[in-house]
Amino acid sequence: MSTVPSVAAPSAIELDRRRFRKRQTTRSVLISLVSTLVVAVLAWVFVINTPGWARVQQTFLDPAVAVQAWPRVFDGLLLNIRVLIFSAIGVLVVSILLATLRTLRGPIFFPLRALAAGYTDLFRGMPLLIVLYLVGFGLPGLGVFPRMPPEFWGTIALVLVYSAYVSEVFRAGIEAVHPSQRLAARGLGLSHAQTLRLVILPQAVRKVTPALMNDFVAMQKDVGLISVLGAVDAVRAAQIETAATYNFTPYVLAGLLFVVLALPMIRLTDWYSARVRSREQIGSVV
């Protein structure tokens, strides 16, 4: 006959610890509620209760204007999402290629390393807005390329700029992989390309995933800059509605839509970063 082992009752010390943790939790909740109430009162006093709040609310937070502008601004946001998807794919491909070129060893690859380094230095230092103007108006002006919509050139500009940033993230991840991994793979008979593809890159991507997710969040916002090329995205649609109604509520609506677009990725980034940190610290707190 099998016997079920009895569970020992918690000791007095453990019971004291549980009561202490419960008191600490209750204290933290009360402090959070009080601090939130203080912030709400301050917001009421210094923002909502100001003499010009009614005018600001009418100019920037008019629900009727927001409802009227919603269809056009939302259609523009769909264009931003399409540009974001194609830009993310292009950035992923180009940045991995650049990172690979910068990590090539041997003097014969010096020209490729120099070109990759020059590319990253150039586009990391140049503002995105200037790149948009140069690509969106300069390249079509050559008369070599066929006529393309503004969002196409905006996508090219985003890929050029963000590939420079993301390639450095990938390069840092590749260099963070311990050299023994590369030596072990070569010792098993894998070629340099196979080692990079099967051993180094998977570990590098795992190390830099939080940074890559943050870059993606940043690109979600910068997609709105394609409006300077004439693309009728959410920002451009808000500008058209503002010019028609003399009210800035469409801009607020477009901004909130971008926040809604970025919020899931922001929360996912925070969750993944906390998960990685907890796994590396094995539950400890630094």
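Shown above is the structure to which this text applies.
1. Notes on the overall build of the chain
Working step 1: A count of helical and extended segments in the chain gives 10 helices and 0 strands.
Working step 2: The order of helices and strands in the chain, counted from the N terminus, is α-α-α-α-α-α-α-α-α-α.
Working step 3: Along the first, second and third principal axes, the C-alpha atoms of the chain reach 85 × 70 × 40 Å.
Working step 4: Counting over 286 residues, the chain shows a buried share of 31%.
Working step 5: A sequence separation of at least 24 residues applies to 75% of the contacts in the chain between residues at least 6 apart.

2. Thoughts on a positive patch on the surface
Working step 1: A grouping of R206, K207, R275 and R279 is seen on the molecular surface, where their side chains present a positively charged patch.
Working step 2: Contributing elements (two or more residues each) for the positive patch: α8 (192–222) and α10 (249–281).
Working step 3: In this structure, R279 sits in helix α10.

3. Some words on unusual backbone geometry
Working step 1: You will see that Y246, though not glycine, has its phi angle at about 55°, which is positive.
Working step 2: Position of Y246 relative to the elements: it lies in the loop between α9 (234–245) and α10.

4. Quick look at the pattern of salt bridges
Working step 1: Counting across every chain of the model gives 7 salt bridges.
Working step 2: Of the charged contacts, one joins R102 and E168 as a salt bridge, the two residues approaching to 2.8 Å between their closest N and O atoms. Here the residue R102 occupies a position in helix α3 (residues 63–102), and E168 occupies one in helix α6 (residues 150–176), the gap between them amounting to 66 residues.
Working step 3: The partner of E168 in a salt bridge is R124, with the nearest N and O atoms 3.6 Å apart. Taken as a pair, E168 in helix α6 and R124 in helix α4 (residues 110–125) lie far apart in primary sequence, 44 residues in all.
Working step 4: The network of salt bridges with shared partners includes R102, R124, E168, R171 and E175.

Quick notes on the rules
Residues numbered from 1 in each chain as written. Predicted model: local features only at pLDDT ≥ 70, side-chain atom pairs only at ≥ 80, totals over all residues. Heavy atoms only, no water. Helix = DSSP H or I, 4+ residues; strand = E, 2+ residues; numbered from the N terminus. Buried < 20%, exposed > 50% of the residue type's maximum accessible area, 1.4 Å probe, protein only. Contact = heavy atoms within 4.5 Å. Patch = residues over 30% accessible without salt bridge, like charges linked within 9 Å, V, L, I, M, F, W, Y side chains within 5 Å. Areas by Shrake-Rupley, 256 points an atom, 1.4 Å probe, with all protein chains shown as cover. Salt bridge = Lys/Arg side-chain N within 4 Å of Asp/Glu carboxyl O. Lys, Arg positive; Asp, Glu negative; His and termini not counted. Charge placed at Lys NZ, Arg CZ, Asp CG, Glu CD.

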